[in-house]
2 protein chains.
Amino acid sequence: MRKTYLFLDTIINKVDAKGRVSLPADYRTILKELSTDIVCYRSLTSPCIEGCTEDLLEKLATDIENSTDFFSETQDDLTNLIFGDAKRFTFDSTGRIMLTEKLLKHAEITNSAVFVGKGRKFQIWSEENWEKEEKRLREKIKSNRPSLKMPEEKP
Amino acid sequence: MRKTYLFLDTIINKVDAKGRVSLPADYRTILKELSTDIVCYRSLTSPCIEGCTEDLLEKLATDIENSTDFFSETQDDLTNLIFGDAKRFTFDSTGRIMLTEKLLKHAEITNSAVFVGKGRKFQIWSEENWEKEEKRLREKIKSNRPSLKMPEEKP
DNA sequence: TGGTATAACATGGTATTTTATGGGAATCAA
DNA sequence: TTGATTCCCATAAAATACCATGTTATACCA
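The structure contained in this document is the topic of the report that follows. Being a predicted model, the structure only gives us computed values, none of them experimental.

Here we look at the protein's contact with DNA strand C
Consideration 1: In the vicinity of DNA strand C lie 23 residues, with Lys 18 and Arg 28 of chain A together with Lys 18, Arg 20 and Arg 28 of chain B positioned nearest.
Consideration 2: Counting only atoms of DNA strand C within 4 Å of the protein, the sugar-phosphate share comes to 46%.
Consideration 3: In this structure, a phosphate oxygen belonging to DNA strand C sits 3.1 Å away from a main-chain N or O atom of Lys 14 of chain A.
Consideration 4: Those elements that provide at least two residues to the surface near DNA strand C are β1 (10-14), β2 (20-22) and α1 (25-34) of chain A together with β1 (10-14), β2 (20-22) and α1 (25-34) of chain B.
Consideration 5: Per-class residue counts for the surface near DNA strand C are five nonpolar, six polar and twelve charged.

So, in structure tokens, the structure goes:
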């Protein structure tokens, strides 16, 4: 039994005519070991789908409770957006999930889906959009390296 | 049981047609004692593969989570870049890992891989590139000696 | 100290398992 | 019925585990 549960790597899988996609095997292993489902929702900032374990969303709920007051407008807005949009997905015996039309449309996904690990979360992109996004990120980093320090190098 | 876990030394191993390489025995010992896997990703600055324990990456995930909020742009960009590129590797009963095409290409590795210890991390280079890099580093040090201060001498 | 036996290691090859993915039947809803 | 969703089976490709061998490093003993 492992100690760490990170969504990693970039994996391209096909989306078939029925809207089915294989969830990367690594991701499935994590979900099985944690006995949790995944939850997906439209990214608030990018044309992609965002996913995480249901456990993490639970944590987000707690964080929001603690960070703003119960009746604040911000909290209202965030909870509506995230929880209202989030949907639970379970994979079938062959490891596939069926994404919804709404999610696919938001991410402009048609034939193939790119799973991008984000540690506690992951994202699902169209091939074209991810290509652009990765390029943007690498350009940005070139001019801003200091922000990438590893833990042991921190003061 | 030892006290320290450092990736050291420079070891050259062959890469076969399938992309398999023996992980240096010393490295394997460390991983076994820490019960963790290694994670490899393309160096952001050099034509080489960089590796570390999954534990270290887990720590990084926690640090990022704590230093920025759930919806921050910085967190988004960083996590995509690091975790999206990182891939977990486990060695088989004969001590080998199978590097991916993407990583090998980035490091321009074909027949042999040079493992270079970096303490908590290590790098994997092609023989040609490492030869150049080592030369460059030694030249650089000659003209810039003061930057090599030990921790206790820091302000 | 020198020489030999033993163990560990790297590495080529092969067998087995896992994974992604297409298609079809069963189930359900409108 | 029609259209969609879930479940199950089949298959090819890819990843992984396993076996065998020569070589190097280590331990042991005279």
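Now that the structure has been shown, we can carry on.
Some details on the protein's contact with DNA strand D
Consideration 1: Around DNA strand D, the surrounding shell consists of Lys 18, Arg 20, Thr 94, Arg 96 and Met 98 of chain A together with Lys 18, Arg 20, Asp 92, Ser 93, Thr 94, Arg 96 and Met 98 of chain B.
Consideration 2: One of the side-chain nitrogen or oxygen atoms of Arg 20 of chain A is found 3.2 Å away from a base nitrogen of DNA strand D.
Consideration 3: Counting only elements with at least two residues in the surface near DNA strand D, the list comes to β6 (96-98) of chain A together with β6 (96-98) of chain B.
Consideration 4: Of the residues that constitute the surface near DNA strand D, the class distribution is two nonpolar, three polar and seven charged.

A closer look at unusual backbone geometry
Consideration 1: Phi at Ser 35 of chain A is positive, roughly 50°, even though this residue is not glycine.
Consideration 2: Tracing the backbone through its elements, the reader meets Ser 35 of chain A in the loop between α1 and β3 (38-42).
Consideration 3: Of the residues examined, Ser 35 of chain A reaches a relative accessible area of 66% and is grouped as exposed.
Consideration 4: Located in the positive-phi region is Asp 9 of chain B, a residue other than glycine, with phi close to 70°.
Consideration 5: Inspection of the secondary structure assignment puts Asp 9 of chain B in the segment before β1.
Consideration 6: Asp 9 of chain B sits in the exposed class, given a relative accessible area of 54%.

Some thoughts on the interface of chain B and chain A
Consideration 1: Tallying the contact residues gives 38 residues for chain B and 44 residues for chain A.
Consideration 2: If you look at where chain B meets chain A, you find eight salt bridges.
Consideration 3: Between Asp 85 of chain B and Arg 138 of chain A there is a salt bridge, and its shortest N-O distance comes to 3.7 Å.
Consideration 4: The tally of links between chain B and chain A comes to 16 residue pairs in polar contact (both at pLDDT 80 or more).
Consideration 5: Among the secondary structure elements, those contributing two or more residues to the side of chain B that touches chain A are β3 (38-42), α2 (54-67), α3 (73-85) and β5 (87-89) of chain B.
Consideration 6: Residue classes in the side of chain B that touches chain A are distributed as 16 nonpolar, six polar and 16 charged.

Remarks on the nonpolar core
Residues and elements named next belong to chain B.
Consideration 1: Counting 22 residues, the largest nonpolar core has Ile 38, Ile 49, Leu 99, Ile 109 and Phe 115 as the members making the most contacts within it.
Consideration 2: Looking at this core, the elements with two or more residues in it are α1, β3, α4 (101-106), β7 (112-118) and β8 (121-125).
Consideration 3: Examining the composition of this core, we find that three residues originate from one element, α1, more than from any other.
Consideration 4: Setting aside residues no more than four positions away along its own chain, Ile 49 makes contact with Cys 40, Tyr 41, Leu 99, Leu 103, Leu 104, Ala 107, Ile 109, Phe 122, Gln 123 and Ile 124.

Describing the sheet that holds β3 of chain B
All names here are of chain B.
Consideration 1: Here we have six strands laid out as an open sheet, ordered β1-β7-β8-β4-β3-β5, and antiparallel in their pairing. The strands lining the two open edges of the sheet, one partner per strand, are β1 and β5. Neighbour to neighbour, the strand axes of the sheet diverge by 30° on average, direction disregarded.
Consideration 2: Bridge count between β3 and strand β4 (residues 49-53): five bridges; the pairing is antiparallel. For Tyr 41, the partnering residue across the bridge sits in β4 and is Glu 50.

Observations concerning the sheet that holds strand β8 (residues 121-125) of chain A
Consideration 1: Here we have six strands laid out as an open sheet, ordered β1-β7-β8-β4-β3-β5 (chain A), and antiparallel in their pairing. The open sheet has two edge strands with one neighbour each: β1 and β5 (87-89) of chain A. The average undirected angle you get between the axes of adjacent strands in this sheet is 30°.
Consideration 2: Relative to the sheet, α3 of chain B contacts β1, β7 (112-118) and β8 of chain A, its axis offset from that of β7 of chain A by approximately 100°.

Thoughts on the packing of helix α5 (residues 127-142) of chain A against α3 of chain B
Consideration 1: One way to put it is that α5 of chain A packs onto α3 of chain B with a least axis distance of 11 Å and a crossing angle of 105°. By the angle class used here, α5 of chain A and α3 of chain B are roughly perpendicular. Contacts between α5 of chain A and α3 of chain B involve Trp 130, Glu 133, Arg 136, Leu 137, Arg 138, Lys 140 and Ile 141 of chain A from the first element and Glu 73, Asp 77, Asn 80, Leu 81 and Asp 85 of chain B from the second.
Consideration 2: For the contact of α5 of chain A with α3 of chain B, a count of residues per class yields four nonpolar, one polar and seven charged.

Brief notes about the side chain of Asn 129 of chain A
Consideration 1: Examined against the element boundaries, Asn 129 of chain A turns out to sit in helix α5.
Consideration 2: The residues touching Asn 129 of chain A, leaving out its near neighbours within four places in the chain, are Pro 47, Ala 107 and Glu 108 of chain A.

The rules behind each value
Residues numbered from 1 in each chain as written. Chains lettered and ligands numbered in written order. Predicted model: local features only at pLDDT ≥ 70, side-chain atom pairs only at ≥ 80, totals over all residues. Heavy atoms only, no water. Near = heavy atom within 4 Å. Polar contact = N/O pair within 3.5 Å; in protein donor to acceptor, adjacent residues only side chain to side chain. Helix = DSSP H or I, 4+ residues; strand = E, 2+ residues; numbered from the N terminus. Nonpolar A, V, L, I, M, F, W, Y, C, P; charged D, E, K, R; others polar. Buried < 20%, exposed > 50% of the residue type's maximum accessible area, 1.4 Å probe, protein only. Contact = heavy atoms within 4.5 Å. Salt bridge = Lys/Arg side-chain N within 4 Å of Asp/Glu carboxyl O. Core = buried A, V, L, I, M, F, W, Y, C linked by side-chain atoms within 4.5 Å. Pairing = 2+ DSSP bridges. Axes fitted to C-alpha atoms, helices over the stretch in contact; angles between N-to-C directions. Parallel < 35°, antiparallel > 145°, perpendicular 65-115°, else oblique.

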